[in-house]
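Per-entry structural report
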Amino acid sequence: MEAAGITADRPDPADGVIQRDSVTGEPTGVLIENAQWIVREVIPPQQTESLEERIRKSVQLALSYGFTGTHDIGTSLEAVETYRELITAGEFPFRVNGVIRIWQPGEILDALTPMGPIIAEGDHRLTVRSGKMSIDCALGARGAVMLEPYSDEPDAHGVVRVTTENLRA
């Protein structure tokens, strides 16, 4: 938290909460929703393998357990392109029903709209015809938006990730 500059004086980020001690006001170390990105931005990358290598290993592991396909809920445009490349090369013995993760309306939706749905591409190996967008956050972390404050945390009403205006757009 020190490396990320999380102190008692740092304001909560948009769509996130830095949980604080109720007496001292000092951060407790619990970072809710987008507050997690403050720390994630200062953590050095741990991934040494390419996305393609990680997909190949994941597929082989799944196949070793008898799985022949998956629903990839929260996939990226980069992963979809990698799936397509592997399918074209004849190196993808698996089926994926992908659901694109949409963090905010805009760039990703702009890319998806002209692309349109991908249905049963590559001998039924790839289908992408839906997206997932979260308009609020998780209930357990007090991030789900409620009409009334949480009974055990009267200042918490939840965190709105996507405004009504952006959702409608």
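Higher on the page you've got the structure.
Quick summary incoming for the structure in this document. Model, not experiment: these values are computed from the prediction. (Residues numbered from 1 in each chain as written. Predicted model: local features only at pLDDT ≥ 70, side-chain atom pairs only at ≥ 80, totals over all residues. Heavy atoms only, no water.)

1. Overview of the nonpolar core
Ile-55, Tyr-83, Phe-92 and Leu-126 are the most contacted members of the largest nonpolar core, which has 18 residues in total. Elements supplying a minimum of two residues to this core: α2 (51-64), α3 (77-88), β4 (95-101) and β6 (126-132). Ranked by the residues each element gives to this core, the list is headed by α3, at five residues. For Ile-55, the contacting residues outside a window of four places in its chain are Ala-79, Thr-82, Tyr-83, Leu-86 and Phe-92. Listed in part, the six residues of the second largest apolar core include Ala-4, Ile-6, Ile-18 and Ala-35. (Core = buried A, V, L, I, M, F, W, Y, C linked by side-chain atoms within 4.5 Å. Buried < 20%, exposed > 50% of the residue type's maximum accessible area, 1.4 Å probe, protein only. Helix = DSSP H or I, 4+ residues; strand = E, 2+ residues; numbered from the N terminus. Contact = heavy atoms within 4.5 Å.)

2. Topic: α2
When the terminal C-alpha atoms of α2 are compared, their 20 Å separation across 14 residues agrees well with the 20 Å that a helix rising 1.5 Å per residue should span. For α2, every residue scored as buried is listed here: Leu-51, Ile-55, Val-59 and Ala-62. Projected down its long axis, α2 shows its buried positions confined to an angular sector of 70°, all on one face. Among the exposed residues of α2, those pointing more than 90 degrees away from its buried face are Lys-57, Leu-61 and Ser-64. For α2, the secondary structure elements touched by its buried residues are α3. One or two residues past the end of α2 sits Gly-66, with phi positive at roughly 95°. (Expected span 1.5 Å × (residues − 1). Arc of directions from axis to C-beta.)

3. Brief notes about the side chain of Thr-127
Its location among the elements puts Thr-127 in strand β6. Residue Thr-127 is classed as buried on the basis of its relative accessible area of 14%. At a separation of 3.0 Å, a polar atom in the side chain of Thr-127 contacts the main-chain amide nitrogen of Ala-120. Setting aside anything within four residues of it in sequence, one finds Thr-127 in contact with Val-96, Asn-97, Gly-98, Ile-118, Ile-119 and Ala-120. (Polar contact = N/O pair within 3.5 Å; in protein donor to acceptor, adjacent residues only side chain to side chain.)

4. As for the packing of aromatic side chains
Evaluation of the coordinates by the stated rule reveals two aromatic pairs. Geometrically, the ring pair formed by Tyr-83 and Phe-92 is tilted, given 5.4 Å between the ring centres and 45° between the ring planes. The same class applies to Tyr-83 and to Phe-92, which are both buried. Measuring from ring centre to ring centre gives 6.3 Å for Phe-92 and Phe-94, while their planes differ by 90°; the resulting arrangement is edge-to-face. A relative accessible area of 4% places Phe-92 in the buried class. Members of the aromatic cluster, joined through ring pairs, are Tyr-83, Phe-92 and Phe-94. Between the NZ or CZ atom of Arg-40 and the centre of the ring of Trp-37, over which it lies, the distance is 4.8 Å. (Phe/Tyr/Trp six-rings, centres within 6.5 Å; stacked < 30°, edge-to-face > 60°. Lys NZ or Arg CZ within 6 Å of the ring centre and 35° of its normal.)

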